[in-house]
2 protein chains.
Amino acid sequence: MGIGDTGDTPRPGRPRDPRTDELILAAARELVAEQGYNRVSIDAVARRAGVTRPTVYRRWPSKAHLVHEAVYPAREMSFRPLPHEDFATGVSRFAEAALDSFRRPETAAAVPGLLAEYRDQPELKDLLVARMDPVRAIFRAFVADAIARGQARPDLDADLLFESLSGALMFGVLGSDLAAEPGFAASVARLLTHGAARP
Amino acid sequence: MGIGDTGDTPRPGRPRDPRTDELILAAARELVAEQGYNRVSIDAVARRAGVTRPTVYRRWPSKAHLVHEAVYPAREMSFRPLPHEDFATGVSRFAEAALDSFRRPETAAAVPGLLAEYRDQPELKDLLVARMDPVRAIFRAFVADAIARGQARPDLDADLLFESLSGALMFGVLGSDLAAEPGFAASVARLLTHGAARP
């Protein structure tokens, strides 16, 4: 442990200071947005946050873990269906929220780096993908309710809709220019709810 | 220019040897599949192909240009609607072909690296995204025909369908485990043609 790393040393009866977590997460967001995922190191994040390397590593075992939490913060996993909300309207609201998240400079910069890490470390992929399970559970309940009310197809696979929406929106930001067009999230949501085929 | 780099030197009346292109593209595919995008260098590709660095740089100005052509070869941009093919069947066939392409080890390894380069160099993104314009044009004609036959919605945006399908399939391979499930391409195609909402 290095000099200057005493403020948050775990001790009996003394909880870890959550402000230190926030400092580190904010530094990671800034650096990834500025420099891209590949060029950022734990060292640089520690320096920017004014803490030591061990202070970071005690909380996150790798850059991928840290950046994932920094760009997908648990407190923002907050999509909630509104009571009596129409299915298509709910999907559209979910798509707007997801697009806002994917468009943030730190998220757009982090995602390609994280996808590259997933390829090299499948167990990391499983772990980080599972961080989104609470949002998936809420979305599943939303779809089950829409099916019960006769607004969604009875055989609709909620996970398939969740991942297809996410993929279409993410790719619209990273791999094409479509996300720059006004109404992009609503257009994707309408395509996935109403379908391309003539009924 | 280095020793051993005489076989394909441009000279009046002597066209560049396309076999050298193929050697370099094959070497790039192998190395990216083995090592991931970030760890591959033009140097390593040249060594694997048995040519010099200038031989590679004469053909492709950067690793991104080379890898894009290696993993999205122009000759495979070959989706063709079949005469009298049902719209939903055509979309499903397109999705199967796209998924087969995204699943190839060299493509799955290259895409995150290319997306990271796009973020850093928007003009590279425009250039490489435009390499897929011939496929987009075929897909647009396919959609226009389906609209004319009353099988697709009259206001369907062909580019939105093309990119949403691609994004959902790509993300199913890279960012989730859905692509491992049998029938994934058909499920995504059905979702995007028939929609999640109850008609």
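Each value, and the rule that gives it
Residues numbered from 1 in each chain as written. Chains lettered and ligands numbered in written order. Predicted model: local features only at pLDDT ≥ 70, side-chain atom pairs only at ≥ 80, totals over all residues. Heavy atoms only, no water. Helix = DSSP H or I, 4+ residues; strand = E, 2+ residues; numbered from the N terminus. Buried < 20%, exposed > 50% of the residue type's maximum accessible area, 1.4 Å probe, protein only. Contact = heavy atoms within 4.5 Å. Areas by Shrake-Rupley, 256 points an atom, 1.4 Å probe, with all protein chains shown as cover. Least-squares fit on C-alpha atoms with pLDDT ≥ 70 in both. Buried area = accessible area lost by both parts, 1.4 Å probe. Salt bridge = Lys/Arg side-chain N within 4 Å of Asp/Glu carboxyl O. Nonpolar A, V, L, I, M, F, W, Y, C, P; charged D, E, K, R; others polar. Axes fitted to C-alpha atoms, helices over the stretch in contact; angles between N-to-C directions. Parallel < 35°, antiparallel > 145°, perpendicular 65-115°, else oblique. Left-handed = near helix turned anticlockwise from the far one by under 90°. Expected span 1.5 Å × (residues − 1). Polar contact = N/O pair within 3.5 Å; in protein donor to acceptor, adjacent residues only side chain to side chain. pLDDT = per-residue confidence, 0-100. Phe/Tyr/Trp six-rings, centres within 6.5 Å; stacked < 30°, edge-to-face > 60°. Lys NZ or Arg CZ within 6 Å of the ring centre and 35° of its normal. Core = buried A, V, L, I, M, F, W, Y, C linked by side-chain atoms within 4.5 Å. Arc of directions from axis to C-beta.

As annotated in an unreviewed UniProt entry, chain A carries the name TetR family transcriptional regulator and is attributed to Embleya hyalina.

> Break down the overall build of chain A for me, with residues and values.
Along chain A, the regular secondary structure elements total 10 helices and 0 strands. Across chain A, helices and strands are ordered from the amino to the carboxyl terminus as α-α-α-α-α-α-α-α-α-α. Expressed as a percentage of the 199 residues in chain A, the buried residues total 54%. Long-range pairs, those at least 24 residues apart, make up 69% of the contacts in chain A with a sequence separation of at least 6. Summing over all exposed atoms, chain A offers an accessible surface of approximately 9200 Å²; the carbon and sulfur share of this is 55%.

> Give me the lowdown on the relation of the copies chain B and chain A, citing residues and values where you can.
Think of it as a corkscrew move, a rotation about one axis and a shift along it, taking one chain copy to the other. Taken as rigid bodies, chain B and chain A are interconverted by a rotation of 180 degrees and an axial shift of 0.0 Å, the fit giving an RMSD of 0.0 Å. Interpreted geometrically, this transformation is the action of a two-fold axis. Across chain B, the smallest distance between a C-alpha and the rotation axis is recorded for G195 of chain B, namely 1.9 Å. A share of 100% of interface residues in chain B that are also interface residues in chain A marks the association as one of identical surfaces.

> Give me the lowdown on the interface of chain B and chain A, citing residues and values where you can.
The partner chain A presents 52 residues to the 52 residues of chain B that form the contact. Both faces combined, the contact of chain B with chain A buries some 4300 Å², and carbon together with sulfur accounts for 61% of it. Interface area lost by chain B to chain A is led by R119, R153 and F171 of chain B, which between them contribute 15%. Counting every contact that joins chain B to chain A gives 4 salt bridges. Between D177 of chain A and K125 of chain B there is a salt bridge, with the nearest N and O atoms lying 3.9 Å from each other. Elements represented by at least two residues in the side of chain B that touches chain A include exactly helix 1 (18-35), helix 6 (105-120), helix 7 (122-130), helix 9 (158-174) and helix 10 (184-194) of chain B. Tallied by class, residues from the side of chain B that touches chain A come to 27 nonpolar, 14 polar and 11 charged.

> How would you sum up the packing of helix 5 (residues 87-103) of chain B against helix 10 of chain B? Please name residues and give values.
All names here are of chain B. Packing of helix 5 against helix 10 leaves a shortest axis separation of 8 Å and a crossing angle of 140 degrees. One finds that helix 5 runs oblique with respect to helix 10. The handedness of the crossing between helix 5 and helix 10 is right-handed. Residues F87, A88, V91, S92, A95, E96 and L99 of helix 5 lie in contact with helix 10, whose contacting residues are F184, A185, A186, A189, T193 and H194. Of the residues belonging to the contact of helix 5 with helix 10, the class tally is 9 nonpolar, 3 polar and 1 charged.

> I'd love a proper account of helix 1 (residues 18-35) of chain A, names of residues and values included.
Helix length check: helix 1 of chain A, at 18 residues, gives a terminal C-alpha distance of 26 Å against a target of 26 Å (1.5 Å per residue), a fit within 8%. All buried positions along helix 1 of chain A are accounted for by T20, D21, I24, L25, A27, A28, R29, L31 and V32 of chain A. The inward-facing, buried residues of helix 1 of chain A abut helix 2 (42-49), helix 3 (53-57), helix 4 (63-71) and helix 6 (105-120) of chain A together with helix 6 of chain B. Between a side-chain oxygen at the N-terminus of helix 1 of chain A and the backbone nitrogen of R19 of chain A the separation is 2.8 Å; the capping residue is D17 of chain A. With its phi angle positive at about 85 degrees, G36 of chain A sits one or two positions after the end of helix 1 of chain A.

> Any chance you could break down unusual backbone geometry for me, citing the residues and the numbers?
The backbone of H84 of chain A shows a phi angle near 60 degrees, a positive value even though the residue is not glycine. Within the secondary structure layout, H84 of chain A lies in the loop between helix 4 and helix 5 (87-103).

> Give a description of the packing of helix 9 (residues 158-174) of chain A against helix 10 (residues 184-194) of chain A that names residues and reports values.
Between two packed helices, the angle of one axis relative to the other and the distance separating the axes together describe the packing. Residues and elements named next belong to chain A. The contact between helix 9 and helix 10 brings their axes to 10 Å, and the two run at 145 degrees. With respect to the hand of their crossing, helix 9 and helix 10 are arranged in right-handed fashion. Facing L161, S164, L165, A168, L169 and G172 of helix 9, the residues of helix 10 in contact are F184, A185, V188, A189 and L192. Grouping the constituent residues of the contact of helix 9 with helix 10 by class yields 9 nonpolar, 2 polar and no charged.

> Tell me about the confidence of the model for chain A, and please be specific about residues and values.
Scored by pLDDT, chain A has a mean of 89; 90% of the residues are at 70 or more. A low-confidence stretch, residues 1-11 of chain A stays under pLDDT 50, and its non-local contacts, those more than four residues away or across chains, total 20 contacts.

> How would you explain the packing of aromatic side chains if you had to name every residue and give the values?
Residues and elements named next belong to chain A. Evaluated as defined, the whole model comprises 10 aromatic pairs over all chains. Cluster of aromatic residues (ring-pair linked, three or more members): F87, F94, F139, F142 and F162. Across from the ring centre of Y37, 4.3 Å away, lies the NZ or CZ of K63, which sits over that ring.

> Please give an account of the nonpolar core that cites residues and values.
One broad trend across soluble globular proteins is that nonpolar side chains are buried collectively. Counting 140 residues, the largest nonpolar core has F87 and L161 of chain A together with F87 and L161 of chain B as its most contacted members. If we skip the residues at most four places from it in the chain, L161 of chain B touches L191 and A196 of chain A together with F87, V91, F139, V143, L156 and L192 of chain B.

> Can you explain helix 8 (residues 133-148) of chain A? Please cite residues and give values.
Residue and element names in this part refer to chain A. Compared with an ideal rise of 1.5 Å per residue, which puts 16 residues at 22 Å, helix 8 spans 22 Å between its outermost C-alpha atoms and is within 8% of the ideal. Burial in helix 8 covers these residues: V135, R136, I138, F139, F142, V143 and A146. In an axial view of helix 8, the angular spread of the buried residues amounts to 160 degrees, which keeps them on one side of the axis. Summarising the contacts, the buried residues of helix 8 are in contact with helix 5, helix 7 (122-130) and helix 9. Positive phi appears at G150, one or two residues downstream of helix 8, with a value of about 75 degrees.

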